[in-house]
Amino acid sequence: MKALIAPSLLSSNFAKLGEEALSIIEKGADWLHMDVMDGHFVNNLTIGAPVIRSLRQFIGEKPYLDCHLMVSDPLKWVDDFAKAGASMITFHLEAVTNIDTIINKIKEHNIEVGISIKPNTDVDLLIPYLDKIDMALVMTVEPGFGGQKFMQNMMPKVSKIRKLKPNLNIQVDGGLSLETIEIAARAGANVIVAGSAVFKSENPQKVISGLREITEK
Ligand code: DX5
Ligand code: ZN
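Since the model is a prediction, treat every value here as computed from it, not as a measurement.

(A) The arrangement of the overall build of the protein in detail. Within the protein one finds 8 helices and 8 strands. Its C-alpha atoms give the protein a radius of gyration of 16 Å, within 12% of the compact-globule value 17 Å for 217 residues. Viewed in the frame of its principal axes, the protein has a C-alpha envelope of about 45 × 40 × 30 Å. A separation of at least 24 residues holds for 63% of the contacts in the protein among residues at least 6 apart in sequence.

Next comes the structure, spelled out in structure tokens:
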């Protein structure tokens, strides 16, 4: 299956976010993964829709902004992020009571929709929604910070989704690198988020092409 490599800008230099974004696309990134944290759903605070809006203006309309909302009550922010230029909004299953309402609200904006589950969340809770979404995100670390260790024991979740949905985009996020990618790809992941592995590397281009090659193998 086609691999989509989505470097997480969380590990980039936020003081020059626009340049970092354009430069990583030039180095082969398919998507830009934007980690939105509210200091409540997770124990860290990052960026909101105003930053997405400025970034969108700077990078132009083409680059794909994959917005991963690690926030409580994501429904509240859908309009802001969609208007700011998000290409996809992924929300956390754990943060929402009426899943169908938020899926529909995201779709009303004609952008894509993803649902994410944290490591302690049962994959079976996600299954009823797989037909209604564009991507499932299986977290492979506890959300909140870059640079954590990949949780290999999340792979049965990925395999289970892949078996049910041969063509669905399945994203993995957390601890992905040239060392861990093979396990994730074998389980059936095809959308690969990598923060520190890409941005802390001397040769991001090589890391991106390596991740792609192993995922598509
Ligand atoms: C963690 C974020 C990730 C993070 C990944 O909560 O969702 O996207 O940036 O960073 P690495 O690849 O360094 O684990
Ligand atoms: Zn993320």
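(B) Region of the structure containing the confidence of the model for the protein. For the protein, per-residue confidence averages 98 on the pLDDT scale, and 100% of positions sit at 70 or higher. As a predicted assembly, this complex carries a pTM of 0.98 together with an ipTM value of 0.99.

(C) Just the site of ligand 1, in detail. The full set close to ligand 1 counts 22 residues, and Ser8, Pro143, Gly146, Gly195 and Ser196 are the nearest of them. Only strand 2 (31–37), strand 8 (191–194) and helix 7 (196–199) provide two or more residues apiece to the shell around ligand 1. Of the residues contributing to the shell around ligand 1, the split by class is 8 nonpolar, 12 polar and 2 charged.

(D) Highlighting unusual backbone geometry. In this model, Asp73 sits at a positive phi of 55 degrees, which is unusual for a non-glycine residue. Residue position: Asp73 is located in the loop between strand 3 (64–70) and helix 3 (78–84). A positive phi is found at Asn110, a non-glycine position, where the angle reads about 60 degrees.

(E) Up close: the UniProt feature "binding site: substrate" (unreviewed entry) in the protein. Under the UniProt annotation, "binding site: substrate" (unreviewed entry) lies at Ser8, His68, Gly144, Phe145, Gly146, Gly147, Gly175, Gly195 and Ser196. Topologically, Gly175 is positioned in the loop between strand 7 (169–173) and helix 6 (181–187). Once residues lying within four places of it in the same chain are set aside, the contact partners of Gly175 are Thr140, Val141, Gln148, Lys149, Phe150 and Thr180. Mapped onto the secondary structure, Ser196 falls in helix 7. Not counting the four nearest positions on each side in its chain, Ser196 is found in contact with Ser11, Gly146 and Gly147.

(F) Examining the UniProt feature "active site" (unreviewed entry) in the protein more closely. Here, the residues flagged by UniProt with the feature "active site" (unreviewed entry) are Asp35 and Asp173. Taken along the chain, the residues just named run across 139 residues; in space they keep tight, none of their C-alpha pairs more than 10.5 Å apart. Within the secondary structure, Asp35 is located in strand 2. Since 24 C-beta atoms lie within 10 Å of it, Asp35 is described here as buried. Beyond its immediate stretch of four places on either side in the chain, Asp173 contacts His68, Leu137, Met139, Thr140 and Val193.

Criteria and cut-off values
- Residues numbered from 1 in each chain as written.
- Chains lettered and ligands numbered in written order.
- Predicted model: local features only at pLDDT ≥ 70, side-chain atom pairs only at ≥ 80, totals over all residues.
- Helix = DSSP H or I, 4+ residues; strand = E, 2+ residues; numbered from the N terminus.
- Rg over C-alpha atoms; globule rule 2.2 N^0.38 Å.
- Contact = placed C-beta atoms within 7 Å.
- pLDDT = per-residue confidence, 0-100.
- Near = placed C-beta within 6 Å.
- Nonpolar A, V, L, I, M, F, W, Y, C, P; charged D, E, K, R; others polar.
- UniProt positions renumbered as here; feature names shortened; annotations may be inferred.
- Buried ≥ 20, exposed ≤ 12 C-beta atoms within 10 Å, placed from the backbone.

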